[in-house]
Amino acid sequence: MSSASPFRSPTEAAPRKTDLQSLAIRPLRFVAFWLAILAPLAYPPLLLGGLDSQTFLVFVGVVALNVFGLLAGRGYGDRA
């Protein structure tokens, strides 16, 4: 017979901090990953239309979103 108890200790029953963090981080990585994928689709229309002062600001904003998506979405598909 095994001497292991069928009951968990209170520390084992509580969710770990890393589990809670992964629940919060995974959706953000999902959004950032797809932002990094889809943001470059805005480059050709912006560049083909010409870059005046307002369009240039939009282009810089799209590039910034793309960089953010690349950094924040890194590791989305990795199994933890």
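## With respect to the overall build of the protein
Along its length, the protein carries 4 helices and 0 strands. When the helices and strands of the protein are read in sequence order from the N terminus, they spell out α-α-α-α. Scored against the burial criterion, the 80 residues of the protein give a buried share of 12%. The contacts in the protein between residues at least 6 apart in sequence include a share of 64% that link residues at least 24 apart. Accessible surface computed for the protein: about 6,800 Å², of which carbon and sulfur atoms make up 68%.

## Section: the side chain of Asn66
Tracing the chain through its elements places Asn66 in helix H4 (residues 53-72). Residue classification places Asn66 among the buried positions, given a relative accessible area of 9%. Setting aside residues up to four positions removed in sequence, Asn66 forms contacts with Ala36, Ala39, Pro40 and Tyr43.

## Some remarks on the environment of Ala72
By the element assignment, Ala72 lies in helix H4. With relative accessibility at 27%, the residue Ala72 sits in the partly exposed group. Between the C-alpha atoms of Ala72 and Phe30, which are 42 residues apart in sequence, the distance is 9.1 Å. Residue contacts for Ala72: discarding those within four places in its chain leaves Arg29 and Ala32.

## Thoughts on the nonpolar core
Grouped together as the largest cluster of nonpolar side chains are 5 residues: Ala39, Tyr43, Leu46, Phe59 and Val62. Where this core is concerned, the elements lending two or more residues are helix H3 (43-48) and H4. For Ala39, the residues in contact, after removing those within four places along its chain, are Val62 and Asn66.

## Side note on the packing of aromatic side chains
This structure, assessed with the given rule, holds 4 aromatic pairs. Within the aromatic cluster, the residues linked to one another by ring pairs are Phe30, Phe33, Trp34 and Tyr76.

## A look at H4
The first and last C-alpha atoms of H4 sit 28 Å apart over 20 residues, in line with the 28 Å expected at 1.5 Å per residue. Burial in H4 covers these residues: Phe59, Val62, Asn66 and Gly69. Taken around the axis of H4, the buried residues stretch over an arc of 85°, which confines them to a single face. Among the exposed residues of H4, those oriented more than 90 degrees off its buried face are Ser53, Gln54, Leu57 and Leu71.

Cut-offs applied
Residues numbered from 1 in each chain as written. Predicted model: local features only at pLDDT ≥ 70, side-chain atom pairs only at ≥ 80, totals over all residues. Heavy atoms only, no water. Helix = DSSP H or I, 4+ residues; strand = E, 2+ residues; numbered from the N terminus. Buried < 20%, exposed > 50% of the residue type's maximum accessible area, 1.4 Å probe, protein only. Contact = heavy atoms within 4.5 Å. Areas by Shrake-Rupley, 256 points an atom, 1.4 Å probe, with all protein chains shown as cover. Core = buried A, V, L, I, M, F, W, Y, C linked by side-chain atoms within 4.5 Å. Phe/Tyr/Trp six-rings, centres within 6.5 Å; stacked < 30°, edge-to-face > 60°. Expected span 1.5 Å × (residues − 1). Arc of directions from axis to C-beta.

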